[in-house]
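An overview of the molecular structure
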Amino acid sequence: MLDVAGLEVAYGDYQVIWDVSLHVAAGEIVSVLGPNGAGKSTVLNTISGLCRPKAGRITFKGERIDGLPPYEIVGRRLAHIMERRRVFPYLTVRQNLWLGGYNPSARKERAQTLDFVFELFPRLEERESQLAHSLSGGEQQMLALGRGLMARPELLLVDEPLLGLAPAVAADMMRILRQINETGVSILFIEQNVQTALSIADRGYVLEGGHLVLDGTAEELLASADVKRIFLGG
Amino acid sequence: MTTEIILQTIISGLLMGFIYALVAAGLSLIFGLMEIVNFAHGEFMMLSMYAAFWLYTFFGLDPLLSIPICAALLFGLGVATHYGIIRHILDAPMMVQITATFGLAIFLRSLAQFLWTPDFRTIPDPIVAGRIEVMGIFLGVPQLVASAGCVLAFAFLYLFISRTETGLALQATAQDREAASLMGIRPDRMYALGWGIGSACVAVAGVLLTSYYFIFPEVGLIFALIAYVTVAMGGFGSLIGALVAGVLIGLVEALGGLLIDPAFKYVIVFSMYLGIVLVRPKGLFGRY
């Protein structure tokens, strides 16, 4: 479904991603792991079109999407939920969700999609007329996820969905991600905690200093000595 | 001093306040969207007044009827300003952004002087004229109509921004450009639209003024200056803030002129502005 090959990204003269290749098959949950500053967010931002690659190829459902602007990529049913949620703070919950279905390919089924999102997140329906900035962190993450789903994605990119959440809420969020996946949406998500990420992911990629250093199934990664070295410095 | 005079002054102030509010709303919309101050806002107003003047002179079109034409012209000028200038300086240092629109202002003002001379022009007999008396208070009909027109335009703008799909997209772009683009919104188009609407707002106010105000190349200066103060006082990017601050300034200006001295009316207005931003730097309704 998603195929990234030989991706290189630079901010001006400062290169941050070297030769990263990864893929996500239909129906998979894949995790991008790595310490702070490894370039995980940059990889996601480049897939969704927020950053332009310096070299490499990104194909989604068989078509090249690298270099396309984000507002066109989302129309191909690839939604990206950025780090720190980035909900529109001074719009209501409902308005935020409604805008999630702004792109023409999602617009026709907007009302039905909204029902689906409210079903998945009843809490959002309770707060539909509240301004987004007044929600708790967990609710904002739900809103960000719901807004992403409003684009009717086939692939969802999620950047650190657990950031700043209490452990109980974080466990809930993992359950929700799996639930979304079960409705047929493939997921590529970033998470710093290896154990948590691999508890729901089928496979994982480990980034370090902008390079892909390791990849494998969840079981392989959990057993890997390299993962322990990278994350625990052991 | 009689009650009539005070009441008269309050109403005059209110009427002027609504005009200030619409001028400021246009400026605030553009700033809220992209954090760029249009220093040529007053010159856009001047151009719309001249447009109304020439439409009257050549085609006998009354200003009241030329509002849609002037609004459309200035909408086009706003969009052209975005694509011709603003788009290229979006990520430039602030000084570049300031000098770009400031330069545009000087250019337009000089162009008006060059093409149309610095003479003061008026529209000799507009449809709306004369005055009416209500309970001992005299109100100029042009002032009344101009003010009502501005309120109407303001309400229209407010409903557009808060109720329509495109209005929501504008707000979303103002609040988070990147997140908006991930929704499928094209920020560049929203910016152009914002410039168009902001310029059309000041055009409507300008045309409405022509039925009782002089038209000359520098006419925009004082209105723009008051608009900057209105926007800063009401809170950058807030339409309601622009409305409240505009009316407040209109009232203080009129009452200050009456109670102290007309020569000092702007001193009082600007003192109030300094006082408010000293206590509340983000303005009355500001978020930033």
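Up top is the structure.
Our subject in this report is the structure included herewith.

1. Looking at the overall build of chain A
Scanning chain A from terminus to terminus reveals eleven helices and ten strands. Compactness check: chain A gives a C-alpha radius of gyration of 17 Å against a globular reference of 17 Å for 234 residues, within 12% of the reference. The principal-axis extents of the C-alpha atoms in chain A amount to approximately 50 × 40 × 30 Å. Relative to its 234 residues, chain A shows a buried fraction of 55%. When contacts within chain A are restricted to residue pairs at least 6 apart in sequence, long-range pairs at least 24 apart make up 66% of them. In the form shown here, chain A has an accessible surface area of approximately 9700 Å², with 48% of it arising from carbon and sulfur atoms. The distance from the centre of the 24 positive side-chain charges to the centre of the 28 negative ones in chain A is 5 Å.

2. A few points about the nonpolar core
Across soluble globular proteins, you tend to see nonpolar side chains buried next to one another. Within the largest apolar cluster, 92 residues are counted, with the highest numbers of intra-cluster contacts made by Phe88 and Leu99 of chain A together with Leu22, Met34, Phe44, Ile185 and Ile249 of chain B. Per-element accounting of this core gives the leading share, 14 residues, to helix H8 (residues 187-209) of chain B. Excluding residues that lie within four positions of it along the chain, Ile249 of chain B makes contacts with Tyr20, Ile226, Val229, Thr230, Met233, Val269 and Met272 of chain B. Residues Met150, Leu156, Met173 and Ile200 of chain A belong to the second largest nonpolar core, which totals 47 residues.

3. A word on the interface of chain A and chain B
Chain A puts 21 residues into the contact, and the matching count from chain B is 20 residues. Between chain A and chain B, the buried area comes to about 2000 Å², and carbon and sulfur atoms account for 64% of it. On the chain A side of the contact with chain B, Tyr71, Tyr90 and Tyr102 of chain A bury the most area, a combined 33% of that side's loss. Where chain A touches chain B, the interface holds three salt bridges. Put simply, Arg86 of chain A and Asp176 of chain B hold a salt bridge, and the shortest N to O gap is 2.6 Å. Remark: the boundary between chain A and chain B carries seven residue pairs in polar contact (both at pLDDT 80 or more).

4. What about the pairing of strand S9 (residues 203-208) of chain A?
Residues and elements named next belong to chain A. Within S9, five of the six residues are buried, which leaves it mostly tucked inside the rest of the structure. Pairing geometry for S9 and strand S10 (residues 211-217), over six bridges, is antiparallel. In the sheet register, Val206 faces S10, and the bridge partner there is Leu214. In textbook terms, the turn of a hairpin is the stretch between consecutive antiparallel strands, and for S9 and S10 this stretch comprises two residues, one of which, Gly209, has a positive phi near 55 degrees.

5. Details of the packing of aromatic side chains
Scanning the model with the defined rule gives 13 aromatic pairs over all chains in all. Both rings, one in Phe53 of chain B and one in Trp54 of chain B, keep their centres 5.0 Å apart while their planes meet at 70 degrees; by these two values the pair is edge-to-face. Classification of Trp54 of chain B by relative accessible area gives partly exposed; the value is 22%. When the ring of Phe120 of chain B is compared with that of Phe216 of chain B, the centres are 4.1 Å apart and the planes differ by 5 degrees; the resulting orientation is stacked. Of this pair, Phe120 of chain B sits in the loop between helix H4 (94-116) and strand S1 (131-134) while Phe216 of chain B sits in the loop between H8 and helix H9 (220-234), placing them 96 residues apart in sequence. An aromatic cluster of at least three residues, connected via ring pairs, comprises Tyr50, Phe53, Trp54, Phe58 and Trp116 of chain B. Note that Arg147 of chain A overlies the ring of Phe88 of chain A, its terminal NZ or CZ placed 4.6 Å from the centroid. Arg287 of chain B extends its terminal NZ or CZ atom over the ring of Tyr90 of chain A, reaching a point 3.9 Å from the ring centre.

6. A closer look at a negative patch on the surface
Residues and elements named next belong to chain A. On the surface, Asp115, Glu119, Glu125 and Glu126 cluster together into a negatively charged patch. For the negative patch, the secondary structure elements donating two or more residues are helix H5 (110-120) and helix H6 (122-126). A relative accessible area of 42% means that Glu125 is categorised as partly exposed.

7. Re helix H2 (residues 41-59) of chain B
Residues and elements named next belong to chain B. The end-to-end C-alpha distance of H2 is 27 Å, a good match for the 27 Å that 19 residues give at a rise of 1.5 Å each. Burial of H2 is extensive: 15 of the 19 residues sit out of reach of the surface. With its phi angle positive at about 65 degrees, Gly60 sits one or two positions after the end of H2.

Criteria and thresholds
- Residues numbered from 1 in each chain as written.
- Chains lettered and ligands numbered in written order.
- Predicted model: local features only at pLDDT ≥ 70, side-chain atom pairs only at ≥ 80, totals over all residues.
- Heavy atoms only, no water.
- Helix = DSSP H or I, 4+ residues; strand = E, 2+ residues; numbered from the N terminus.
- Rg over C-alpha atoms; globule rule 2.2 N^0.38 Å.
- Buried < 20%, exposed > 50% of the residue type's maximum accessible area, 1.4 Å probe, protein only.
- Contact = heavy atoms within 4.5 Å.
- Areas by Shrake-Rupley, 256 points an atom, 1.4 Å probe, with all protein chains shown as cover.
- Lys, Arg positive; Asp, Glu negative; His and termini not counted.
- Charge placed at Lys NZ, Arg CZ, Asp CG, Glu CD.
- Core = buried A, V, L, I, M, F, W, Y, C linked by side-chain atoms within 4.5 Å.
- Buried area = accessible area lost by both parts, 1.4 Å probe.
- Salt bridge = Lys/Arg side-chain N within 4 Å of Asp/Glu carboxyl O.
- Polar contact = N/O pair within 3.5 Å; in protein donor to acceptor, adjacent residues only side chain to side chain.
- Pairing = 2+ DSSP bridges.
- Phe/Tyr/Trp six-rings, centres within 6.5 Å; stacked < 30°, edge-to-face > 60°.
- Lys NZ or Arg CZ within 6 Å of the ring centre and 35° of its normal.
- Patch = residues over 30% accessible without salt bridge, like charges linked within 9 Å, V, L, I, M, F, W, Y side chains within 5 Å.
- Expected span 1.5 Å × (residues − 1).

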